[in-house]
Amino acid sequence: MIDQNLLRYQLDSLKKKLLIRGFILETEKIKEMEKNRKNFQIKTENLQAIRNVLSREIGILKKENKETLKIKDRVLKINKKLQRCQIKLKYFKKKLLKIYNEIPNLPSEDTILNCLKNKNKEIIKWGKIKKFDFKIKDHVELGEKLQGLDWKSSVKISGSRFVIMKGKIALLHRALSQFMIDIHTIKHGYLETYVPYIVNSESLYGTGQLPKFSSELFHIQSPEKNSQNFQYTLIPTAEVPLTNLVRNRIVSKEELPIMLTALTPCFRLENPSYGKESRGLIRMHQFEKVEIVQIVHPKSSMKALEELTSHAEEILKLLDLPYRKVQLCPNDLGFSSTKTYDLEVWFPFQKKYREISSCSNMSDFQARRMKSRYISVSDKTKKKLLHTINGSALALSRTLGAVLENYQLENGTIEVPKVLQKKYMNGLKILS
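Residues numbered from 1 in each chain as written. Predicted model: local features only at pLDDT ≥ 70, side-chain atom pairs only at ≥ 80, totals over all residues. Heavy atoms only, no water.

### Details of a positive patch on the surface
Here is step 1 of the chain: Together, K29, K90, K94 and K95 line one region of the surface with positive charge.
Here is step 2 of the chain: Examining the composition of the positive patch, we find that three residues originate from one element, helix 4 (residues 69–101), more than from any other.
Here is step 3 of the chain: With a relative accessible area of 34%, K95 lands in the partly exposed category. (Patch = residues over 30% accessible without salt bridge, like charges linked within 9 Å, V, L, I, M, F, W, Y side chains within 5 Å. Areas by Shrake-Rupley, 256 points an atom, 1.4 Å probe, with all protein chains shown as cover. Salt bridge = Lys/Arg side-chain N within 4 Å of Asp/Glu carboxyl O. Lys, Arg positive; Asp, Glu negative; His and termini not counted. Charge placed at Lys NZ, Arg CZ, Asp CG, Glu CD. Helix = DSSP H or I, 4+ residues; strand = E, 2+ residues; numbered from the N terminus. Buried < 20%, exposed > 50% of the residue type's maximum accessible area, 1.4 Å probe, protein only.)

In structure tokens:
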């Protein structure tokens, strides 16, 4: 959520900035509602003040054994007016909050300057694209030939956009996840964290998935019918539970940065689409992902984004997978992001780079929703909002697909990336 003071005092300027990212702010509607909110806020406060004065008078008259009926009658009438004003005030606050909840984060100045034509800016390309001297296959055909990707059984059990992995491909999938977690914890200094895969609505609101993206989530019902949180949701990403660890918390400035990583399944109601763009492991309802999160001081957040993105890049480099890094233009930013880098890995069969990681600086957007602040030991009077950074490092299904395609041999077998062979694949060099 953006700062509501901007909506009250810098509305026209805010409208221009949001227009850059393709969001039209209904300023006249907000002005009218804000006018009504302010009007009923003043009326409510005035009536409360009058009631307080009269209540004190009643107290004085009672001590003096004097008549209080007339004043009590006035208090009764004021209470009725106050109740009507409070209902109206609550109504306009609720309407304004609904509007505020649908407003995306503001793009950073760097995002605006680098992407003036609303085109994603390529920052770097890394790695040598392999030239095959034989007719290559896509990862779906490769996985089926090795009897490691079973799509038919998954459709029977769950439906489309799920997969069953078997044998050496299942081992490779697990090896990739352990490799990523080891790099991020041992080399990069993230704290490995096990988190729930089911979260409540407050957590999803905190990171920006609710209320706007409710239709893209898998919701489930709690068997505890008397529970206040009757509806739960399967996590779309470990970003949700990891970031919410600081919800409603005031952390010491000296604790920053907080660096967390988790390997979890992710559940998403992807839009139905067909063809090679979403074929196989590219777009799944359920997939695993290693997430990295940094919770930082506001002055460090842009530097933290660069660092976190480099950590995701290193996984691709160690696996020797060609990729490119692009900075997203304002139109392509996620709802909560102020600046985002996408990492796109090379898929030889499609002859195309496909997104494998998205690394974003959310500035104070999530922290404001979560009421996540920091305080300095030297000055405990000032509580300021934290900044949150997160990224995929990496999405495992797409990494697996990229390895299968980039490491395929002419006979349909798969060479195992060298970095995985000894420690993670029990010395296995070829999947056959």
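Right, picking up where we left off after that structure.
### A look at the packing of aromatic side chains
Ring pairs (aromatic) are described by centroid distance and by the angle formed between their planes.
Here is step 1 of the chain: Considering all chains together, one arrives at nine aromatic pairs under this definition.
Here is step 2 of the chain: Consider the rings of F40 and F92, whose centres lie 6.0 Å apart with planes at 15°: the pair is stacked. With F40 in helix 3 (residues 27–63) and F92 in helix 4, this pair connects stretches of sequence that are 52 residues apart.
Here is step 3 of the chain: Here F92 falls in the buried class, since its relative accessible area comes to 12%.
Here is step 4 of the chain: Judged by centre distance (5.7 Å) and plane angle (80°), the ring pair of F213 and F335 falls under edge-to-face. Placement of the pair is F213 in the loop between helix 9 (201–207) and strand 6 (219–221) and F335 in the loop between strand 11 (323–327) and strand 12 (339–347), with a sequence separation of 122 residues.
Here is step 5 of the chain: By relative accessible area, which is 24% here, F213 ends up partly exposed.
Here is step 6 of the chain: You can call F335 buried: its relative accessible area is 9%.
Here is step 7 of the chain: Taken together, the ring pairs connect F40, Y91 and F92 into an aromatic cluster.
Here is step 8 of the chain: Here the guanidinium or amino end of K325 rests over the ring plane of Y341, the centre of that ring lying 4.3 Å away.
Here is step 9 of the chain: Positioned over the ring face of Y205 is R369, at 4.4 Å from the centre of the ring. (Phe/Tyr/Trp six-rings, centres within 6.5 Å; stacked < 30°, edge-to-face > 60°. Lys NZ or Arg CZ within 6 Å of the ring centre and 35° of its normal.)

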